[in-house]
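Structural overview for review
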Amino acid sequence: MEVKRRTAKALVSKLGSVSDRTRTESLCELRLITKHDPDSRLIIADLDAIPYLAETLYSPSQLLQENAAATLLNLSISSREALMSTRGLLDALSHALRHPSSPSAAQSAAATLFSLLTVDGYRPIIGSKRDIIYALIDIIRNPSSHPRTIKDALKALFGISLYPLNRSTVIELGAVPCLFSLVVKDGRVGVVEDATAVIAQVAGCEEAKEAFRKVSGVRVLVDLLDCSTGSSFRTRENAVSGLLNLIQCGGEQVANCVRETGVGIWEGIGEVAENGSAKGKGKAVALLKILDAGSLVLGDPRFDSLSSDSS
């Protein structure tokens, strides 16, 4: 372990060099070490490498910015507190999202945010940074964004939206049209699944009712529940969750809109209630009860055991 510490200390000391070549070589080494040697991550974080890495995200050099962003992502696996306690880190990640030297740099920055957002207490802090939310939305809005970057941006938006008070900001900054555009126009299963996961979360606030109305959101979610559309099961579970959250926040008017939109919805919700995950089953049953569809589906003995799974 002492050998690892000496090696890491030598590399971190070079991050402050005036030579671009020396800094680049050090960064490349640190990126590889933090990727392949989990034990070294805490050592490197303890040696105060993070402020240097954050500062390097402002570099116009593609190689420097890419390696700094990737190293921060690796460190975020085991040193989240060290990252969040570093002054200016979130601003640096925001810069890398808004001014990436390459798709790889933006992807690593978004993935680092998602890693940090796995900690409940960091969600309101990151969610207060409107420039970060806007940058993530801009990534999913831009048709030229790399698919992997889009997926990581969606995951970061999902993490932000897990904190209820962040949802109105996500909607205010224009996420809803972008999210539904991905669902309707993007054929990649993984992207649609991640987009509907974010949609399900942002549906859980008062502002969602009007935002969803403008993009015919209820119709899109209902269509996803139609088995003939070929939606993945995860997408259908997300659609159920989104409709449930939207009705719980929007009231009877939204419930009536759902009831009137498509006859195939009952079969789709029923399938999730029967074959979904434990949480998905509970949400499907809760949605059926709200829609007064109990006589259509819940009377079936296959669903008797699901009544206690609501969550």
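Residues numbered from 1 in each chain as written. Predicted model: local features only at pLDDT ≥ 70, side-chain atom pairs only at ≥ 80, totals over all residues. Heavy atoms only, no water.

**Structural notes on the overall build of the protein chain**
Along its length, the protein chain carries 20 helices and zero strands. In terms of overall dimensions, the protein chain has C-alpha extents of about 70 × 35 × 30 Å along its principal axes. In the protein chain, which comprises 311 residues, the proportion classed as buried is 53%. Working note: accessible area of the protein chain is about 14,000 Å², and carbon and sulfur atoms make up 51% of it. Measuring between centres, the 35 positive side-chain charges of the protein chain sit 4 Å from its 35 negative side-chain charges. (Helix = DSSP H or I, 4+ residues; strand = E, 2+ residues; numbered from the N terminus. Buried < 20%, exposed > 50% of the residue type's maximum accessible area, 1.4 Å probe, protein only. Areas by Shrake-Rupley, 256 points an atom, 1.4 Å probe, with all protein chains shown as cover. Lys, Arg positive; Asp, Glu negative; His and termini not counted. Charge placed at Lys NZ, Arg CZ, Asp CG, Glu CD.)

**Brief notes about the packing of helix 17 (residues 233-250) against helix 18 (residues 252-260)**
Between helix 17 and helix 18, the least distance of the axes is 6 Å, while the angle of their chain directions is 140°. Here helix 17 is positioned oblique relative to helix 18, judged by the angle of their axes. Two secondary-structure elements touch here, helix 17 through Leu243, Leu246, Ile247 and Gly250 and helix 18 through Glu252, Gln253, Val254, Ala255 and Val258. (Axes fitted to C-alpha atoms, helices over the stretch in contact; angles between N-to-C directions. Parallel < 35°, antiparallel > 145°, perpendicular 65-115°, else oblique. Contact = heavy atoms within 4.5 Å.)

**Observations regarding the state of the cysteines**
Under the defined criterion, the tally for this structure stands at zero disulfides. Take cysteine 205: it sits in no disulfide, and the sulfur closest to it among the cysteines is that of cysteine 249, at 6.5 Å. Accessibility expressed as a relative area gives 9% for cysteine 205, which makes it buried. (Disulfide = S-S within 2.5 Å.)

**Some remarks on the layout of surface pockets**
Looking at the largest pocket, its volume works out to about 380 Å³. Taken together, 18 residues make up the lining of the largest pocket; nearest its centre are Phe158, Gln201, Asn238, Ser241 and Lys279. Among the secondary structure elements, those contributing two or more residues to the lining of the largest pocket are helix 11 (147-161), helix 14 (189-202), helix 17 and helix 20 (278-290). Here the element with the most residues in the lining of the largest pocket is helix 17; it accounts for six residues. Per-class residue counts for the lining of the largest pocket are six nonpolar, six polar and six charged. (1 Å grid on protein atoms, 1.4 Å probe; cavity = no way out; pocket = protein on both sides within 12 Å on 5 of 7 lines; lining within 4 Å. Points joined across faces, edges and corners; volume = space filled by probe spheres on them. Nonpolar A, V, L, I, M, F, W, Y, C, P; charged D, E, K, R; others polar.)

**Here's the deal with the pattern of salt bridges**
This model, assessed by the stated rule, comprises 16 salt bridges. Taking the shortest distance from any N to any O, the salt bridge between arginine 21 and glutamate 25 comes out at 3.2 Å. Of this pair, arginine 21 and glutamate 25 both sit in helix 2 (residues 20-36), four residues apart, which is roughly one turn of the helix. Under the relative-accessibility criterion, glutamate 25 is labelled partly exposed at 46%. (Salt bridge = Lys/Arg side-chain N within 4 Å of Asp/Glu carboxyl O.)

**Description of the packing of helix 8 (residues 103-116) against helix 11**
Here helix 8 crosses helix 11 at 20°, and the two axes come no closer than 8 Å. Here helix 8 is positioned roughly parallel relative to helix 11, judged by the angle of their axes. As helix 8 runs across helix 11, the sense of the crossing is left-handed. In this structure, helix 8 uses Pro103, Ala106, Gln107, Ala110, Ala111, Leu113 and Phe114 to contact helix 11, whose residues at the interface are Arg148, Thr149, Asp152, Ala153, Lys155 and Ala156. For the contact of helix 8 with helix 11, the per-class residue count stands at eight nonpolar, two polar and three charged. (Left-handed = near helix turned anticlockwise from the far one by under 90°.)

**Comments concerning the UniProt feature "domain: U-box" (unreviewed entry) in the protein chain**
Annotation from UniProt places "domain: U-box" (unreviewed entry) at residues 20-259. A helix fraction of 76% and a strand fraction of 0% characterise residues 20-259, whose end C-alpha atoms lie 63 Å from each other. (UniProt positions renumbered as here; feature names shortened; annotations may be inferred.)

**Describing the packing of aromatic side chains**
Aromatic rings considered in pairs are described by the distance between their centres and by the relative angle of their planes. In the structure shown here, the tally under the stated rule is one aromatic pair. Pairing phenylalanine 180 with phenylalanine 212 gives two aromatic rings, centres 5.2 Å apart and planes at 85°, and the pair type is edge-to-face. Of this pair, phenylalanine 180 sits in helix 13 (residues 175-185) while phenylalanine 212 is found in helix 15 (residues 208-214), placing the two residues 32 residues apart along the sequence. This pair shows no difference in class: phenylalanine 180 is buried, exactly as phenylalanine 212 is. (Phe/Tyr/Trp six-rings, centres within 6.5 Å; stacked < 30°, edge-to-face > 60°.)

**A few points about helix 1 (residues 2-13)**
Here helix 1 contains twelve residues, and its C-alpha end-to-end distance of 16 Å stays within 8% of the 16 Å for a straight helix at 1.5 Å per residue. Within helix 1, burial applies to Ala8, Leu11 and Val12. An end-on view of helix 1 places all buried positions within 95° of arc, on one side of the element. In helix 1, those exposed residues whose orientation departs by more than 90 degrees from the buried face are Val3, Arg6, Lys9 and Ser13. Contacts from the buried residues of helix 1 go to helix 2, helix 3 (38-46) and helix 4 (49-56). (Expected span 1.5 Å × (residues − 1). Arc of directions from axis to C-beta.)

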